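# Examination of the molecular architecture
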Amino acid sequence: MEIDKKIKTVHMPQAMKKYRNFPMVPKVVFGQGSFDQLGEILLTKRKHSDAPMIFLVDDVFEGTPLIDRIPLIFNDHVIFISAEEEPKTVQVDALVHKIKNDFNDLPSGIIGIGGGTVLDLAKAISIMLTSKGHASDYQGWDLVQTPSLYHVGIPTISGTGAEVSRTTVLLGPDKKLGINSDYTTFDQVLLDPDLTRGVPKNQWFYTGMDCFIHCVESLTGTYLNAFSQSYGEKAMELCKEVYLGDLMPCEARDKLMMASWHGGMSIAYSQVGVAHAMSYGLSYVLGVKHGIGNCLVFQHLEEFYPKGVETFKQMMHKHDIKLPMGICTELSETDLDTMINVSLGMKPLWENALGKEWRNVATPEKLKSIYSKI
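Residues numbered from 1 in each chain as written. Predicted model: local features only at pLDDT ≥ 70, side-chain atom pairs only at ≥ 80, totals over all residues. Heavy atoms only, no water.

## A few points about the overall build of the protein chain
Each helix and strand counted, the protein chain has 14 helices and nine strands in total. Here the protein chain has a C-alpha radius of gyration of 21 Å; the compact-globule value for 374 residues is 21 Å, and the two agree. On the principal axes, the C-alpha backbone points of the protein chain span a range of 75 × 60 × 45 Å. Looking at the protein chain as a whole, 53% of its 374 residues qualify as buried. For the protein chain, the proportion of contacts with a sequence separation of at least 24, taken over those separated by at least 6, is 77%. For the protein chain, the separation between the mean place of its 36 positive charges and that of its 44 negative charges on side chains is 7 Å. (Helix = DSSP H or I, 4+ residues; strand = E, 2+ residues; numbered from the N terminus. Rg over C-alpha atoms; globule rule 2.2 N^0.38 Å. Buried < 20%, exposed > 50% of the residue type's maximum accessible area, 1.4 Å probe, protein only. Contact = heavy atoms within 4.5 Å. Lys, Arg positive; Asp, Glu negative; His and termini not counted. Charge placed at Lys NZ, Arg CZ, Asp CG, Glu CD.)

## Structural notes on the pattern of salt bridges
For the structure on display, the rule yields 18 salt bridges. Asp 76 is the salt-bridge partner of Arg 46, the closest N and O atoms lying 2.7 Å from each other. With Arg 46 in the loop between helix 2 (38-43) and strand 2 (53-58) and Asp 76 in the loop between helix 3 (65-68) and strand 3 (77-81), this residue pair connects regions lying 30 residues apart in the sequence. For Arg 46, a relative accessible area of 15% translates into the label buried. A salt bridge links Lys 123 to Asp 120; the shortest N-O distance between them is 3.8 Å. (Salt bridge = Lys/Arg side-chain N within 4 Å of Asp/Glu carboxyl O.)

## Some points on the state of the cysteines
If you walk through the whole model with that rule in mind, you get zero disulfides. No disulfide involves Cys 215; its sulfur sits 4.5 Å from that of Cys 211, the nearest cysteine. Between Cys 328, a free cysteine, and Cys 295, which holds the nearest cysteine sulfur, the sulfur-to-sulfur gap is 15 Å. (Disulfide = S-S within 2.5 Å.)

## A few points about the packing of helix 6 (residues 201-219) against helix 9 (residues 274-286)
Close contact between helix 6 and helix 9 brings their axes to 8 Å; oriented N to C, the two are set at 130 degrees. With respect to helix 9, the element helix 6 is oriented oblique. Residue-level inspection shows Asp 210, Ile 213, His 214 and Glu 217 of helix 6 in contact with helix 9, the latter providing Val 274, Ala 275 and His 276. (Axes fitted to C-alpha atoms, helices over the stretch in contact; angles between N-to-C directions. Parallel < 35°, antiparallel > 145°, perpendicular 65-115°, else oblique.)

## A short note on the sheet that holds strand 3
Sheet architecture is open: six strands sit in the order 1-9-6-4-2-3, paired in parallel fashion. Two strands in the sheet have a free side with no partner beyond their single neighbour: strand 1 (27-30) and strand 3. The sheet shows a mean angle of 15 degrees between the axes of neighbouring strands, taken without regard to direction. Where strand 2 lies against strand 4 (residues 109-114), five bridges are found, and the strand directions are parallel. (Pairing = 2+ DSSP bridges.)

## Comments concerning the side chain of Arg 253
Structurally, Arg 253 can be placed in helix 8 (residues 249-266). Excluding anything up to four places from it in sequence, Arg 253 contacts Pro 193, Thr 196 and Arg 197.

## Side note on the environment of Gly 112
Tracing the chain through its elements places Gly 112 in strand 4. You can call Gly 112 buried: its relative accessible area is 0%. Filtering out sequence-adjacent residues up to four positions away, Gly 112 remains in contact with Leu 56, Val 118, Leu 119, Ala 122, Val 152, Gly 153 and Ile 154.

## Digging into the sheet that holds strand 8 (residues 176-180)
Reading across the sheet, the three strands line up as 5-8-7 and stay open at both edges, with mixed pairing between neighbours. A strand with exactly one partner marks an edge of an open sheet, and here the two such strands are strand 5 (140-141) and strand 7 (169-171). In this sheet, strand 8 lies alongside strand 7 in antiparallel orientation, the contact comprising three bridges. Bridge assignment links Val 169 to a residue of strand 8, and that residue is Gly 178.

As structure tokens, then:
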């Protein structure tokens, strides 16, 4: 009896309860030309001839030689996706409905080929094909209870970190928020730097700055730990080589792709911060795309990230990047309030940036003053 009593009084240390067992991408291929191994990779994941692989492909590749390299067999299907707008929950629901209507069986897998928009859609669709309800029901943290369908991410632009993150960020009916879950992460990622050839200069800069800003926000945040720091510091180093150095194009593509990977990993045990929180408001109200939205906000955040903003402006100068101006000047008070409320709803981001008393700093007035400069 005495032994039983002693056993019952033994408790797990409080710190042990706080650690998360986050998933990581279990399989990844990296290398120039590695896209041509996709057929071999998918072969072992095919269920039967009536369970197709569904390829979501950025429509910028429609009619290009890349489409002929996609390993289509049986009744595999390609769906072209426009990346002109941020991915939406209603778009996810519509695509899930289409796939279920077009095929008798669930697909063998979902393969996303494109930038952050296409990769996030691939992740969200793989979740909703095995979950009930609507995509907006799962916006938040750890709401998904059912394992997702097998899904593969193949980025064709580097910087978002969507290929490695456990979230898929979507515009919903009343918020912009990710489906953050252990089932969101890709089962397989294929990193082929050759696929990023020909990306327009401005888009290359904005998306790369998404990675750079990931690093700044992670490395200066209150959630920082050695795990996040190790990835963040490497991604930051690679970003500086790419955007402030003089690399050959081939080497720059390789390094930016790995910067994106490390930048995404840096927030697995951490979070992003002020720029991302405020860019969500821009996106929700004005439809501003994520990469440029981060840049528009970040240029005015010297108060929070003085060294990061200084380096960012050096990168802008080196590559002769001119950001749009005055996009918030015509907003109504109602739209501005909506933008502020969406931003302030990103509580983990603000807490990472400013600590538990973040509301004392991130007031509606403070956000309004920053948005008014954009």
